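Here is what each chain is made of, one letter per residue.
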2 protein chains.
Amino acid sequence: MEFSSKLLERAVNEMSQLPGIGKRTALRLVLHMLKQPKEHTVSLSLALQSMRANIKFCKSCNNISDVELCEICSNPNRNEEIVCVVEDIRDVMAIENTSSFKGLYHVLGGKISPMDGIGPHDLNIESLVKKVKEGSIKELIFALSSTMEGDTTNFYIFKQIQDCDIIISTIARGISVGDELEYADEVTLGRSILNRIPFEINLKM
Amino acid sequence: MEFSSKLLERAVNEMSQLPGIGKRTALRLVLHMLKQPKEHTVSLSLALQSMRANIKFCKSCNNISDVELCEICSNPNRNEEIVCVVEDIRDVMAIENTSSFKGLYHVLGGKISPMDGIGPHDLNIESLVKKVKEGSIKELIFALSSTMEGDTTNFYIFKQIQDCDIIISTIARGISVGDELEYADEVTLGRSILNRIPFEINLKM
């Protein structure tokens, strides 16, 4: 791609560093900014810079936060004895949206994935194991993606804390609400039969 | 969407102002920046700000440029007597990529589209008409999109300059190279028969 302006070229190159944004999309976005008032671009870039410079990670759960201890960890109404282990902040937001969990979170920051060069020491696993061994947690819920990497990470953490006196569970795998059985994949359907649940619990939901 | 951090929320809101970027995509991009070194975000936002603040539009053709007169307009090897009228800078880049045009461009900055509230006075049509009336241009090539809006814009400009002694052409509409006839739409196929070209020209290509 040949540009008539170095400034434009630099902006497009920087934008296209972002994941899922190619050169053409970057050019479209940058040309859009040129059509908008200058203040929009200034405000976008200031927001990005101040976010990157000032954002903190909660010292307890590693969630993104503006202060040392995030809103969830510092909320006295939440049950400190149940901890839900998630991959990243988007999972925290997704679970918070359901309003069905009143415990705390622990954000790992990813999952073990040798293919991407991510080992256990790149994640916040040690601090979780330490918290569990200190004995204040009664139940740990694994809420990682149902993939090979997610299962590996679950198993790695499980091996570290299996001697502790603690309930370990994972979120239920099964048929999504509203799904047609005939389109469900075999593994999910098979597991949903193995892990069938008493009918009265269903009625309560 | 509930955020655990105001800084994050502001960055996501700003990013999601861009066209085609929803809140979820914006969050993905912003979280990616958080995983990258701080310098990446600083460099992105500086590039955007300096682009928005310092970019110029060529005073002759209205193309984006770092200087008063763009590289194409100031190139003495280009034919000043043929001007190609295009919608925006992306079209200039696309035509330049073909290396088949050695004249100058005139960038309108859009096309007449009453539905989007864009009238002839929002575009750089006056300066084009003025250039044509000054008499230095011998041929004008319309290279706008083949849509209702593109045709309207072509016709509007044509009405303003029809009395001038100048050749006016549009780029050829027809079957794309490599296309199967059976999948071509009726209008394109019909026009390509009406506007058929002598066979020897084809051989030269």
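Residues numbered from 1 in each chain as written. Chains lettered and ligands numbered in written order. Predicted model: local features only at pLDDT ≥ 70, side-chain atom pairs only at ≥ 80, totals over all residues. Heavy atoms only, no water.

Residues and elements named next belong to chain B. The final tally for this structure, using the stated rule, is 4 aromatic pairs over all chains. Consider the rings of Phe101 and Tyr105, whose centres lie 5.2 Å apart with planes at 65°: the pair is edge-to-face. Accessibility classification places Phe101 together with Tyr105 in one group, the buried group. (Phe/Tyr/Trp six-rings, centres within 6.5 Å; stacked < 30°, edge-to-face > 60°. Buried < 20%, exposed > 50% of the residue type's maximum accessible area, 1.4 Å probe, protein only.)

As a further point, take the sheet that holds strand β6 (residues 167–170) of chain B. Residue and element names in this part refer to chain B. Strand order in the open sheet formed by 4 strands is β4-β3-β5-β6, and the pairing between neighbours is parallel. Two strands close off the open sheet at either side, each with one partner strand: β4 (103–107) and β6. Each neighbouring strand pair of the sheet contributes to a mean axis angle of 25°, computed without reference to strand direction. Across 5 bridges, strand β3 (residues 79–86) lies against β4 in parallel orientation. Looking across to β4, one finds that Val86 is bridged to Val107. Along the sheet, helix α4 (residues 89–98) contacts β3 and β4; its crossing angle with β4, the most-contacted strand, is approximately 160°. In the packing of helix α6 (residues 148–161) onto the sheet, the strands contacted are β3, β5 (139–142) and β6, and the crossing angle to β5 comes to about 165°. (Pairing = 2+ DSSP bridges. Helix = DSSP H or I, 4+ residues; strand = E, 2+ residues; numbered from the N terminus. Axes fitted to C-alpha atoms, helices over the stretch in contact; angles between N-to-C directions. Contact = heavy atoms within 4.5 Å.)

Here the focus is the side chain of Ser16 of chain B. Residue and element names in this part refer to chain B. Looking at the element boundaries, Ser16 is found in the loop between α1 (6–15) and α2 (23–35). Among the polar contacts listed, one links the side chain of Ser16 to the backbone oxygen of Asn13, at a separation of 3.0 Å. Residues contacting Ser16, with those up to four places away along its chain left out, are Ile21, Gly22, Lys23 and Ala26. (Polar contact = N/O pair within 3.5 Å; in protein donor to acceptor, adjacent residues only side chain to side chain.)

Before going further, it helps to examine the nonpolar core. Core analysis: the largest hydrophobic core is formed by 44 residues, its most contacted members being Leu8, Met15 and Leu48 of chain A together with Leu8, Met15 and Leu48 of chain B. Breaking this core down by element, the ones donating at least two residues are α1 (6–15), α2 (23–35), α3 (38–54) and α4 (89–98) of chain A together with α1, α2, α3 (38–54) and α4 of chain B. Leaving out residues up to four positions away in the same chain, Leu8 of chain A has contacts with Phe3, Leu27, Val30, Leu31 and Leu34 of chain A together with Met51, Ile55, Ile64 and Ile89 of chain B. (Core = buried A, V, L, I, M, F, W, Y, C linked by side-chain atoms within 4.5 Å.)

On to the domain arrangement of chain A. Interface size, as often reported, equals the accessible area lost upon joining of the parts. What the domain assignment lists for chain A is domain 1 (6–54) and domain 2 (66–171). Just the C-alpha atoms count here: the centres of domain 1 of chain A and domain 2 of chain A sit 34 Å apart. (Domains from an automatic or database assignment.)

All names here are of chain B. Located in the positive-phi region is Asn62, a residue other than glycine, with phi close to 75°. With respect to the helices and strands, Asn62 occurs in the loop between β1 (56–57) and β2 (64–65). Residue Ser99 is not a glycine yet carries a positive backbone phi of 55°. Considering the arrangement of structural elements, one finds Ser99 in the loop between α4 and β4. On the accessibility criterion, Ser99 (53% relative accessible area) is exposed.

Each copy superposes on the other: chain A lies on chain B with an RMSD of 0.1 Å after a rotation of 180° and an axial shift of 0.0 Å. The superposition of one copy onto the other is thereby described by a two-fold rotation axis. Using C-alpha coordinates, one finds that chain A approaches the rotation axis most closely at Ser45 of chain A, a distance of 2.3 Å. Comparing contact sets, 100% of the residues at the interface of chain A also lie at the interface in chain B, consistent with an isologous, same-surface contact. (Least-squares fit on C-alpha atoms with pLDDT ≥ 70 in both.)

Taken together, the contact between chain A and chain B spans 52 residues of the former and 52 residues of the latter. Approximately 5,200 Å² of surface area, both sides summed, lies buried where chain A meets chain B, with 67% of it carried by carbon and sulfur atoms. Along the contact surface separating chain A from chain B lie 0 salt bridges. The tally of links from chain A across to chain B stands at 16 residue pairs in polar contact (both at pLDDT 80 or more). Those elements that place two or more of their residues in the side of chain A that touches chain B are α1, α2, α3, β2 (64–65) and α4 of chain A. (Buried area = accessible area lost by both parts, 1.4 Å probe. Salt bridge = Lys/Arg side-chain N within 4 Å of Asp/Glu carboxyl O.)

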